[in-house]
Amino acid sequence: MGVQPDPRFFETLAPLSVADLAALTGGEVVRDCGQTIRRVAPLGSATEDAVGFMGDRKFAAALQASAAGCVFVPASSVEAAPEHASVIVSRTPQAAWAAASTALHQPIALAQAAGGWAEDDSVVLEPGVVVGQGASIGRGTRVGANSVIGPGVQIGRDCQIGPNVTVGFALIGDRVKLYAGVRIGEAGFGAAGGASGAVDIPQLGRVILQDGVTVGANTCIDRGAFDDTVIGENTKIDNLVMIAHNCVIGRNCLIAGHAGISGSVVVGDGVIFGGKAGIGDHITIGVGARVAAGAGVLADVPAGETWSGYPAKPIRQFLRQTVWVSRQAGRKGARTDD
């Protein structure tokens with residue numbers, strides 16, 4: 001059995017045949033090897049009971065190497081599919097995969113737990129708190145008024161959760177602080193073009209907050225699309241920060257207010273983000289790097305460097321260019337006055 005969505009948060013539904021998948025998605029079966037499909041997975045982690053997809057030719061090597069039992073591919077990529085896999089041709093492979101995901105997996109619905117979720121009597125729930133079935137809350141933790149702890153969520157010891165917080169699809173360590181209005185584990189922003197327009201891609205991952213993390217008021221941390229979103233030990237996050245799906249943030253990072261970190265960003269230990277810093281997707285920020293306030297990062301930042309500006313660049317380069325532009329503007333203004 002390969003990696004599958006965490007059963008604490010997702011229910012796996014009845015399996016489907018290759019023909020069922022084609023009928024569900026409007027695809028055309030070009031090879032049926034008789035597999036029974038029980039789950040969806042990315043090409044790299046799929047096994048014989050899973051369906052994957054390839055929507056872009058740049059992933060042809062991943063398709064050829066995949067152990068997936070079934071794949072959705074465009075007509076032009078049929079020959080790239082591995083011989084052992086069933087193949088369904090689709091004009092919109094990613095949207096077809098999303099439809100298969102919805103048919104095979106669904107989030108566990110919230111229902112108030114009858115009890116048994118608290119480690120001991122030191123757990124405090126303020127008025128209006130809802131705790132879902134299968135959730136666990138560690139000793140000494142306090143949950144603020146009107147907060148919702150979703151099904152299967154695991155919260156460690158001595159945590160402080162403020163009012164009107166929602167936590168879902170998450171594993172939370174000890175001594176974590178979530179201030180008012182924090183949203184942990186909402187669906188990441190994933191969409192694909194379908195036959196009738198954009199469709200949502202189900203988000204089947206989790207959020208992991210390690211020990212000592214602090215998350216400021218009204219900050220949002222999305223769960224992973226399939227892998228996890230991870231916030232490292234003792235990282236401190238300010239108010240109104242957005243961290244998208246599949247990000248991996250290191251230990252002891254500082255992230256100031258209004259920063260936005262796009263999907264699948266990898267951040268090393270000890271990184272500092274100034275206020276309103278923006279990070280493009282699939283970027284790596286090296287250990288100990290610093291991103292200045294208002295910077296827009298569109299390329300990898302090496303370890304230990306400080307970058308500023310838009311598009312962001314090493315700060316000395318940014319300052320030299322800023323001074324040069326200022327001087328040129330001054331000279332032009334002087335000539336105009338003459």
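Please refer to the structure placed before this passage.
Residues numbered from 1 in each chain as written. Predicted model: local features only at pLDDT ≥ 70, side-chain atom pairs only at ≥ 80, totals over all residues. Heavy atoms only, no water.

**Q** Got a sec to walk through helix α1 (residues 18–25)? Specific residues and values, please.
**A** Inspection of α1 places Val18, Leu21, Ala22 and Thr25 among the buried residues, and these make up the whole buried set. Burial along α1 is one-sided: seen end-on, the buried residues are contained in an arc of 100°. (Buried < 20%, exposed > 50% of the residue type's maximum accessible area, 1.4 Å probe, protein only. Helix = DSSP H or I, 4+ residues; strand = E, 2+ residues; numbered from the N terminus. Arc of directions from axis to C-beta.)

**Q** Now, about the packing of aromatic side chains: what can you tell me, with residues and values included?
**A** In this structure the tally under the stated criterion is three aromatic pairs. Both rings, one in Phe53 and one in Trp97, keep their centres 5.5 Å apart while their planes meet at 50°; by these two values the pair is tilted. On the criterion of sequence distance, the pair formed by Phe53 in strand β6 (residues 50–53) and Trp97 in helix α3 (residues 93–104) is long-range, its members being 44 residues apart. Residue classification places Phe53 among the partly exposed positions, given a relative accessible area of 22%. Classification of Trp97 as buried rests on a relative accessible area of 6%. The rings of Phe9, Phe10 and Phe169 are connected pair by pair, giving a single aromatic cluster. (Phe/Tyr/Trp six-rings, centres within 6.5 Å; stacked < 30°, edge-to-face > 60°.)

**Q** Outline unusual backbone geometry, supporting the account with residue identities and numerical values.
**A** The linkage connecting Tyr310 with the following residue, Pro311, adopts the cis geometry, with an omega of -10°. Here Pro311 lies in the loop between β38 (306–308) and β39 (313–314). Located in the positive-phi region is Asn252, a residue other than glycine, with phi close to 55°. A relative accessible area of 45% places Asn252 in the partly exposed class.

Without other data, these values stay purely geometric and don't point to any function.
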